[in-house]
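Coordinate inspection notes
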Amino acid sequence: MMSLLIVYHSMTGGTRQMAEAAAAGARSEAALRVRLLPAAEAQAADVIEAGGYIFATPENLAAMSGLMKDFFDRTYYAALDGVNGRPYAALVCAGSDGRNAALQLERIATGWRLRPIAESLIVCTHAQTPEAILLPKIIAEADLERCKEIGATMAAGLALGIF
Ligand SMILES: Cc1cc2nc3c(=O)[nH]c(=O)nc-3n(C[C@H](O)[C@H](O)[C@H](O)COP(=O)(O)O)c2cc1C
């Protein structure tokens, strides 16, 4: 059975909610196995066996989060040449920016020769103070819906074999 791998990291819950929404959208497609894995648990074998990917990360210090980077560091060369041409989408949860984390995800995906199925989606939580930044996040329903749509689009394309 074709599978979609969703890899995410989240410190205060925002990215996790985005990844879960994408998984919920993808699970509307019965002919697809959807795997939602925390970055720390995802291995190169998980990458190689999947037919498509959604990568979801917070932007921390103008970069993808450390554990998300660790996932790519551990899997990049083991999966290189085993994933050429497969589809992916990127989700970023940020305070006020997110562009650099998205750019980093896109560059790694380009290195793997993956093909984007949508523009990278950045959701800003608008937390500004240190206290607000460290609080648990609640992502707005409209933003979760956009994540869900990306999951559903990916799932439909994989199931139909058009990606
Ligand atoms: C150490 C740290 C650095 C951060 N740096 C940025 C940043 O460079 N740009 C930005 O837009 N948000 C930044 N943020 C805000 C987070 O992206 C935001 O809180 C987001 O909700 C984190 O996702 P999470 O809830 O999944 O952990 C930072 C947060 C932390 C804890």
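For the structure, check the block above.
Scope of this entry: the structure provided in the associated data block. On a predicted model such as this, the values are computed, not experimentally measured, just so you know. (Residues numbered from 1 in each chain as written. Predicted model: local features only at pLDDT ≥ 70, side-chain atom pairs only at ≥ 80, totals over all residues. Heavy atoms only, no water.)

1. Re the site of the ligand
Close to the ligand lie 20 residues, the nearest being Ser 10, Thr 12, Thr 15, Glu 59 and Ala 62. Within the side chain of Ser 10, an N or O atom sits 2.6 Å from an oxygen atom of the ligand. Between the ligand and Thr 15 there is a distance of 2.6 Å, counted from an oxygen atom to a side-chain nitrogen or oxygen. Comparing atom positions with the cavity grids shows the ligand to sit within the largest pocket. Top contributing element to the shell around the ligand by residue count: strand β3 (residues 52-60), with three residues. Taken together, the residues of the shell around the ligand break down into seven nonpolar, 10 polar and three charged. (Near = heavy atom within 4 Å. Polar contact = N/O pair within 3.5 Å; in protein donor to acceptor, adjacent residues only side chain to side chain. 1 Å grid on protein atoms, 1.4 Å probe; cavity = no way out; pocket = protein on both sides within 12 Å on 5 of 7 lines; lining within 4 Å. Sits in = over half its atoms within 2 Å of the grid points. Helix = DSSP H or I, 4+ residues; strand = E, 2+ residues; numbered from the N terminus. Nonpolar A, V, L, I, M, F, W, Y, C, P; charged D, E, K, R; others polar.)

2. Some thoughts on the nonpolar core
Tyr 53, Phe 55, Phe 71, Phe 72 and Trp 112 are the most contacted members of the largest nonpolar core, which totals 27 residues. When contributions to this core are tallied by element, the ones reaching two or more residues are β1 (3-8), β3, α3 (66-79), β5 (87-94) and α4 (99-111). In terms of nonpolar packing, the next biggest core, distinct from the first, is built from 25 residues, Ala 21, Ala 22, Ile 54 and Ala 56 among them. (Core = buried A, V, L, I, M, F, W, Y, C linked by side-chain atoms within 4.5 Å. Buried < 20%, exposed > 50% of the residue type's maximum accessible area, 1.4 Å probe, protein only.)

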